[in-house]
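Here is how the chains run, residue by residue.
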Amino acid sequence: MKTLVFAERSEAAIRLAAGARTVANEVVLVLIGELPATVGSADKIIHIALPTGEVYDNAADTVNAVFDSEAPDLVLIESTRHLRVIAGKLAAHVGTSVITDVIEFDGSTPVSMYFGGVAHRKLKASGVSILTIGPSVFSDVPATEVAPESAVIEEAAWVAPSAALELLEVRPIEKSGVDLFGADVVVAAGRGFAEESDLELARDLCSKLNAGLGCSRPLTEGLDWLPTEAYIGVSGQMLEPKVYIAVGISGQMQHMVGCNRAETIFAINKDKNAPIFKQCDYGLVGDLKTLLPALSAAL
């Protein structure tokens, strides 16, 4: 059995390559764009370099050519925004569907979130399985890190996209600090923050906990207080940290699907009837302007 693995980040390349080894006797790791600092152990690594001016999503036709050449039985894909686009185009090329947001396996059957995360479902593909994989799947599988310069890397021939995206502008974005995917602790700010300056209270708490700062959708797309990468929810980041601290977040389903697999959820909200208090492990009812400084001081 052969498995193709697509990953954008080093951690995912290592974890998914190790996980693929548990279900396949041949693992091919495919990396697009710049090579990460470390990669997973694979039988072969295929690199798709992006020509000058090309965007990541334009690699889809090259990915299709790699798939045709390798003829895998299974495709595991890190669930990032770019790679979800690649996954959809690959599925259309193959004539199958993507099983998205896999959170675990029941034997060989993938279990994924359904209906915005309020339910789980088990699906099997009739042909080649193309799966987007959540951040904690295979986290308990022993993994081997490999430096790209010590691995045998095959360069894939670039296939010009049939319907290309055109790069018009590049603007740097403010990073939110600790990588949310890799953070053990995440503090998430919601609409309960009345002013942008109040976010400093959340940042102070993050510094005490070495936590990543995330947020609900309004703070990125409505108020533009935080970068898009910080948005946690059904169409944003899907996280599984050890500790999740939701501050000023009501707890609507669209947000909670992005964090409901955290090991422990804390909630801070001044509304004692906020839905999040039915979904958290521990809750504090009170004004965040009072509670956050008190927590930071205690820590």
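So, how was this worked out
- Residues numbered from 1 in each chain as written.
- Predicted model: local features only at pLDDT ≥ 70, side-chain atom pairs only at ≥ 80, totals over all residues.
- Heavy atoms only, no water.
- Pairing = 2+ DSSP bridges.
- Helix = DSSP H or I, 4+ residues; strand = E, 2+ residues; numbered from the N terminus.
- Buried < 20%, exposed > 50% of the residue type's maximum accessible area, 1.4 Å probe, protein only.
- Polar contact = N/O pair within 3.5 Å; in protein donor to acceptor, adjacent residues only side chain to side chain.
- Contact = heavy atoms within 4.5 Å.
- Disulfide = S-S within 2.5 Å.
- Core = buried A, V, L, I, M, F, W, Y, C linked by side-chain atoms within 4.5 Å.
- Expected span 1.5 Å × (residues − 1).
- Axes fitted to C-alpha atoms, helices over the stretch in contact; angles between N-to-C directions.

1. Remarks on the pairing of strand β6 (residues 98-106)
Next, step 1: Sheet analysis places β6 next to strand β9 (residues 129-133), joined by three bridges and oriented parallel. Its bridge partner lying in β9, Ile-99 is registered against Leu-131.
Next, step 2: By the bridge criterion, four bridges tie β6 to strand β7 (residues 109-114) in an arrangement that is antiparallel. Counterpart to Asp-106 in the pairing with β7 is Thr-109.

2. Remarks on the side chain of His-255
Next, step 1: Structurally, His-255 can be placed in helix α6 (residues 253-256).
Next, step 2: Residue class for His-255 comes out buried when judged on its relative accessible area of 6%.
Next, step 3: In this structure the side chain of His-255 is engaged in a polar contact, spanning 2.8 Å, whose partner is the side chain of Tyr-244.
Next, step 4: Those residues within four positions of His-255 in sequence are excluded, and the remaining contacts are Cys-215, Ser-216, Ile-232, Gly-233, Tyr-244 and Ile-249.

3. Regarding the state of the cysteines
Next, step 1: Within this structure, the stated rule accounts for zero disulfides.
Next, step 2: Cysteine Cys-215 shares no disulfide, and the gap to the nearest cysteine sulfur, in Cys-206, comes to 11 Å.
Next, step 3: Of all cysteine sulfurs in the structure, the one in Cys-259 sits closest to Cys-280, which takes part in no disulfide; the separation is 10 Å.

4. So, the nonpolar core
Next, step 1: Phe-6, Val-30, Ile-48 and Val-75 are the most contacted members of the largest nonpolar core, which has 23 residues in total.
Next, step 2: Contributing elements (two or more residues each) for this core: β1 (2-6), β2 (26-32), β4 (44-48), α2 (60-70), β5 (74-78) and α3 (81-94).
Next, step 3: Ranked by the residues each element gives to this core, the list is headed by α3, at five residues.
Next, step 4: Other than its neighbours up to four places away in sequence, Ile-48 contacts Val-30, Leu-31, Ile-32, Gly-33, Ala-59, Thr-62, Val-63, Val-66, Ala-156 and Trp-158.

5. Topic: helix α1 (residues 10-21)
Next, step 1: The terminal C-alpha atoms of α1, which comprises 12 residues, lie 17 Å apart, in line with the 16 Å expected from a rise of 1.5 Å per residue.
Next, step 2: For α1, every residue scored as buried is listed here: Ala-12, Ala-13, Ile-14, Arg-15, Leu-16, Ala-17, Ala-18, Gly-19 and Ala-20.
Next, step 3: Close packing links the buried residues of α1 with β1, β2, β3 (39-40), β5, β9 and β10 (145-146).

6. A look at the sheet that holds β6
The pairing of strands in a sheet happens through backbone hydrogen bonds and is either parallel or antiparallel.
Next, step 1: With mixed pairing, the nine strands of this open sheet are ordered in space as β8-β7-β6-β9-β5-β1-β2-β4-β11. Whereas interior strands pair on both sides, the edge strands pair on one side only; in this sheet they are β8 (119-122) and β11 (153-155). With strand direction ignored, the average angle separating the axes of adjacent strands in the sheet is 35°.
Next, step 2: Each of β1, β2, β5 and β9 is contacted by α1, which is oriented at about 160° to β2, the strand it contacts most.
Next, step 3: Lying over the sheet, α2 contacts β1, β2, β4 and β5, oriented at roughly 155° with respect to β4.

7. Side note on the sheet that holds strand β16 (residues 282-285)
Next, step 1: The strand order β13-β12-β14-β15-β16 describes an open sheet built from five strands, whose pairing is parallel. The open sheet is flanked by β13 (212-215) and β16, the only strands paired with a single partner. The average angle at which neighbouring strand axes cross in this sheet is 20°, direction not considered.
Next, step 2: With five bridges joining them, strand β12 (residues 185-189) and strand β14 (residues 243-247) adopt parallel strand pairing. Residue pairing in the sheet places Val-185 in a bridge with Val-243 of β14.

8. Here we look at unusual backbone geometry
Next, step 1: The residue Asn-210 is not glycine, and still its phi comes out positive at about 55°.
Next, step 2: Looking at where Asn-210 falls in the secondary structure, it is placed in the loop between α4 (199-209) and β13.
Next, step 3: Judged by relative accessible area, which is 59%, Asn-210 ranks as exposed.

9. Thoughts on the pairing of β5
Next, step 1: In terms of residue burial, β5 counts as a mostly covered element, since five of its five residues are buried.
Next, step 2: Neither face of β5 is open: one carries Leu-74, Leu-76 and Glu-78, the other Val-75 and Ile-77, and all of them are buried.
Next, step 3: When β1 meets β5, the two strands line up parallel, connected through four bridges. In the strand pairing of β5, Leu-4 is matched with Val-75.
Next, step 4: Pairing geometry for β5 and β9, over five bridges, is parallel.

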